[in-house]
Structure formats: structure tokens, C-alpha cells
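If you want the building blocks of each chain, they are given just below.
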Amino acid sequence: MSIPAAVFEEMRAVCRDAWARGLLSGFNGNVSRRLDGRTCCITRSGAAKGFLRPEDLCAVDIASGRVLEGAAPSSELGMHLEIYRHCPATRGVVHTHPRHLLALSLRVREENLLHMPLFEAAAQRARMGVAAAFPPGTVELAQAVGAQARAHEAVWMARHGLCCHGADLLTPLGLTEELDHLAAVQLLARWTGEEELKS
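Residues numbered from 1 in each chain as written. Predicted model: local features only at pLDDT ≥ 70, side-chain atom pairs only at ≥ 80, totals over all residues. Heavy atoms only, no water.

1. So, the overall build of the protein chain
Of regular secondary structure, the protein chain possesses seven helices and eight strands. For the protein chain, the C-alpha radius of gyration of 16 Å lies close to 16 Å, the compact-globule estimate for 199 residues. The proportion of buried residues among the 199 residues of the protein chain is 49%. Looking at the protein chain alone, contacts between residues at least 24 apart form 63% of all its contacts between residues at least 6 apart. Looking at the protein chain as shown, the accessible area adds up to about 9200 Å², and 56% of this sits on carbon and sulfur atoms. (Helix = DSSP H or I, 4+ residues; strand = E, 2+ residues; numbered from the N terminus. Rg over C-alpha atoms; globule rule 2.2 N^0.38 Å. Buried < 20%, exposed > 50% of the residue type's maximum accessible area, 1.4 Å probe, protein only. Contact = heavy atoms within 4.5 Å. Areas by Shrake-Rupley, 256 points an atom, 1.4 Å probe, with all protein chains shown as cover.)

Okay, here's the thing in C-alpha cells:
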């Protein structure tokens, strides 16, 4: 099979935007796009997302995980496949390492991420589930993210990063940016989430 040029352009633009916005850096993160009911396309292992090339993509069978075309896929392939298997409406997955969310996770307890007295914070927190801390690329992490993705558009992976999914690629990219923006606000305000509990 051949990965459509339009799909590459869509993935290239999203990866470039995520890189430009500081949501991923260097070679980290990964992005995938459902091609049809049976296959998806994902960035290869070690691809520089800010400068994606056609050869940086590979096509994979969703049910089996077998590579149909291209180089070795991202080590987080299992996580993407779990989301596609459990969320039939999902057509795009964006996994990033947003700097503000990561920094905030080192400052506050997991349950207090984005826990602020702001209307936007409450609305966005409701869209984000939390997966326990499992090593990147493991079956355990993939399954934990897949389980959370059934009820949430975003999944925070403890000690790791963020995974968002949606009906296209722009939706999870936008959600990623909104969540990281709120994390920046919480860091600037030095709000731990404990203050609200005491009031």
C-alpha cells in the first residue's frame, strides 16, 4: 500500500506545529493517523518531528501491529494501536512531551494538575484521564492509555507525557496546546491545587 501524500502533508504540518510550540522537541513524541478501518500511519522511530519527511512514516495493521510499509515504527506504536482499537471514531493521535505539564507534574501532586479556580481549567481537566507511571514503550503503558482513552480525549502519562486523540489531527493538537497553556498558568500562579481545598 502507499501512504497518501495528503496524509503525509497533514502529519507534517501537525508535527511541525507541535515542535514550533514546544510541545515536543528533538526526536521525542509521535503522531499517527488512521488511514481506514484496518490500517494507520505512524511516525517512525527516531524521526525529527519538526522536519518530517515522507520516509519518516510507516503504515501498520491496527489489529496485528504488523508493519505494512516503511521503516520501524515509533516505540509507542502499541499505545496508538490500543487507542484505535478501543476508540473507533478516533482518526488521529498526538503524543507529546509538553514542557509546562511536565514541569508542573514535578511541582504538584498528580491529582492537582490543572486544579485551579478557573472555568477553563475545570472544563479541560474533565477531558484528561491519568495513566499510572509505566516505562515508555511497554505493553502496560499502552494498555493503561488505551483504557483511559475510552472515556477521555487526553491521557496524562505519569512521569512521561501527554497523549491526545480525536476525529482528526488538529483536534488533539489543539487540546494538547490548551492543556499545556493551563499548566503554564498554574506554574506562573504558583498554584498547587491545595489552596482550593482549604477555602
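2. Some remarks on the side chain of K49
Structurally, K49 is set in the loop between strand 2 (39-43) and strand 3 (57-61). Although buried, K49 forms no salt bridge, and the nearest oppositely charged side chain, D56, lies 8.3 Å from it. From its side chain, K49 meets the backbone oxygen of N28 in a polar contact 3.5 Å long. Contact partners of K49, with chain neighbours within four places excluded, come to C15, R16, L24, G26, F27, N28, G29, N30 and T43. (Lys, Arg positive; Asp, Glu negative; His and termini not counted. Salt bridge = Lys/Arg side-chain N within 4 Å of Asp/Glu carboxyl O. Polar contact = N/O pair within 3.5 Å; in protein donor to acceptor, adjacent residues only side chain to side chain.)

3. Structural notes on the nonpolar core
The tendency in soluble globular proteins is for nonpolar side chains to be buried side by side. In this structure, V60, I83, V145, M157 and C163 are the most contacted members of the largest nonpolar core, which totals 21 residues. Look past the residues within four positions of I83 in its chain and what remains in contact with it is T90, V93, V145, A149, C163 and H165. Grouped together as the second largest cluster of nonpolar side chains are 19 residues, A18, L24, A47 and L173 included. (Core = buried A, V, L, I, M, F, W, Y, C linked by side-chain atoms within 4.5 Å.)

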